[in-house]
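Here's the letter readout for the chains.
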Amino acid sequence: MSTVDLIRHVKLSTARLPLAVPISDAKVFTGRQKPMTEVVFLFAEITTEQGHTGLGFSYSKRAGGPAQYAHAKEVAEGIIGEDPNDIGKLYTKLLWAGASVGRSGVATQALAAIDIALYDLKAKRAGLPLAKLLGSYRDSVQTYNTSGGFLNATLDEVKARATQSLDEGIGGIKIKVGLPDSKEDLRRVAGIREHIGWDVPLMVDANQQWDRATALRLGRQLEEFNLIWIEEPLDAYDFEGHAHLAQVLDTPIATGEMLASVAEHKGLIAANGCDIIQPDAPRVGGITQFLRLAALADERGLGLAPHFAMEIHLHLAAAYPREPWVEHFDWLDPLFNERLETKDGRMMVPDRPGLGVTLSDQARAWTTESVEFGA
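Here the structure is a predicted model, which means the values were calculated and not measured.

Asks: I'd like a description of the domain arrangement of the protein chain, backed by residues and values.
Replies: Where interface size is quoted, it is often the accessible area lost as the parts come together. Per the domain assignment, the segments of the protein chain are domain 1 (7-127 + 360-373) and domain 2 (131-348). Of note, the centres of domain 1 and domain 2, computed from C-alpha atoms alone, are 23 Å apart. Taken together, the 40 residues of domain 1 in the interface contact 40 residues of domain 2. Surface buried jointly by domain 1 and domain 2 totals about 3100 Å² across both partners, of which 68% is contributed by carbon and sulfur atoms. Among the residues domain 1 hides against domain 2, the three largest losses belong to Phe-57, Tyr-59 and Tyr-119. Together they make up 18% of the total. On inspection of domain 1 and its partner domain 2, the count reaches 12 residue pairs in polar contact (both at pLDDT 80 or more).

Asks: Describe the nonpolar core, listing the residues and the values that go with them.
Replies: Membership of the largest hydrophobic core comes to 70 residues, with the highest contact counts inside it found for Leu-12, Phe-41, Ile-46, Ile-114, Ile-277 and Trp-331. When residues of this core are assigned to their parent elements, the largest contribution, 10 residues, is made by helix H4 (residues 106-126). Apart from the residues within four sequence positions on either side, Ile-114 is in contact with Leu-12, Ala-44, Ile-46, Ala-76, Ile-79 and Leu-94.

Asks: Please set out the packing of aromatic side chains residue by residue, giving values where relevant.
Replies: Per the stated rule, a full pass over the model turns up 15 aromatic pairs. Their ring planes at 85° and their centres at 6.4 Å tell us that Trp-229 and Trp-325 sit as a pair that is edge-to-face. One end of the pair, Trp-229, is in strand S7 (residues 229-231); the other, Trp-325, is in strand S11 (residues 325-328), and 96 residues separate them in sequence. The two residues Trp-229 and Trp-325 agree in class, both being buried. The structure contains a cluster of three or more aromatic residues connected by ring pairs, namely Phe-41, Phe-43, Phe-57, Tyr-59, Phe-150, Phe-308, Phe-329, Trp-331 and Phe-336. Sitting above the plane of the Phe-308 ring, Lys-61 keeps its charged end 4.0 Å from the centroid. When the ring centre of Phe-329 is taken as reference, the NZ or CZ atom of Lys-61 above it lies at 5.1 Å.

Asks: Explain the sheet that holds strand S2 (residues 36-48) to me, using residue names and the numbers behind them.
Replies: In spatial order, the strands read S3-S2-S1-S14; together these four strands make up an open sheet with antiparallel pairing. In this open sheet, the two edge strands, each paired with only one partner strand, are strand S3 (53-60) and strand S14 (367-374). Taking each pair of neighbouring strands and ignoring which way they run, the sheet shows an average axis angle of 20°.

Conventions we followed
Residues numbered from 1 in each chain as written. Predicted model: local features only at pLDDT ≥ 70, side-chain atom pairs only at ≥ 80, totals over all residues. Heavy atoms only, no water. Domains from an automatic or database assignment. Contact = heavy atoms within 4.5 Å. Buried area = accessible area lost by both parts, 1.4 Å probe. Polar contact = N/O pair within 3.5 Å; in protein donor to acceptor, adjacent residues only side chain to side chain. Core = buried A, V, L, I, M, F, W, Y, C linked by side-chain atoms within 4.5 Å. Buried < 20%, exposed > 50% of the residue type's maximum accessible area, 1.4 Å probe, protein only. Helix = DSSP H or I, 4+ residues; strand = E, 2+ residues; numbered from the N terminus. Phe/Tyr/Trp six-rings, centres within 6.5 Å; stacked < 30°, edge-to-face > 60°. Lys NZ or Arg CZ within 6 Å of the ring centre and 35° of its normal. Pairing = 2+ DSSP bridges. Axes fitted to C-alpha atoms, helices over the stretch in contact; angles between N-to-C directions.

Structure, rendered in structure tokens:
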């Protein structure tokens, strides 16, 4: 088979995934956001002249999904006729095609779906899981559950879901904090720690809702619970404040999921603003950008715990030199025909080529709009 192949066809689609119940974190209880009822996805499906295919996606949990789709529609045709192996070149080409709206946020989140699809295609063509194509360090990654720990759930419901997650082979539990009444936060953390025991990894996530004084005070009170990390205690762009917490608290500080570019993450890293960095490949522009960021993080000795989208991040975490974590969310299960396996506290890298997932009939049914380019 010739090594020369060209992109023949690109299909973009947007789909709305409804959540079973409205989801609330601290941003809802502080009045900054409404409960989340759906996740909007941008899918990119790429086919080459030799019949190779790739699937990638980006997403928005609230506003922004239609904007991602609109931007992708404007630039995606630019990769028709190009060699799909030249992923860096194609990313740059699409970036310049939309340069007037910048190099972060929606502008690059729209490109992320295409970039991820190209990596999926390249790994499938090689007959390798994406982690193996990238050069994995491990065949499984420590995993923790988040989807059972939201603030709309009662403490008893959080406990029941934690038990279920541990029974399913998930290794750690993360719960949301950041309520206006900090005593209730502490009651919930104490309750879940007592329920799961002291040997089970436990994390908390304040979703940026504390000011510096509150974060320091509660951070000190949370030390007794032997947490793996405190996540987003402050505004995502308060690098200096996060750095101070990382310096004075024994509990590691984790943040980064809301940053929308490598440049923003570089600022966080330069400020020593976290112990564990939490980038999101769809949010920073795809795998091309995530790999740049991961190299910077490794140089600084940071832990890695990518945010959401475990179908993508499992592979990227497996290729990180330091032992990472991957976040388990079951929300996306209806979108794909395949499931990721958890066992003994770890998520197993699938042996299927590429990302190892294909779109389900349900994902097609939830599609609200699509457009195609090429033959």
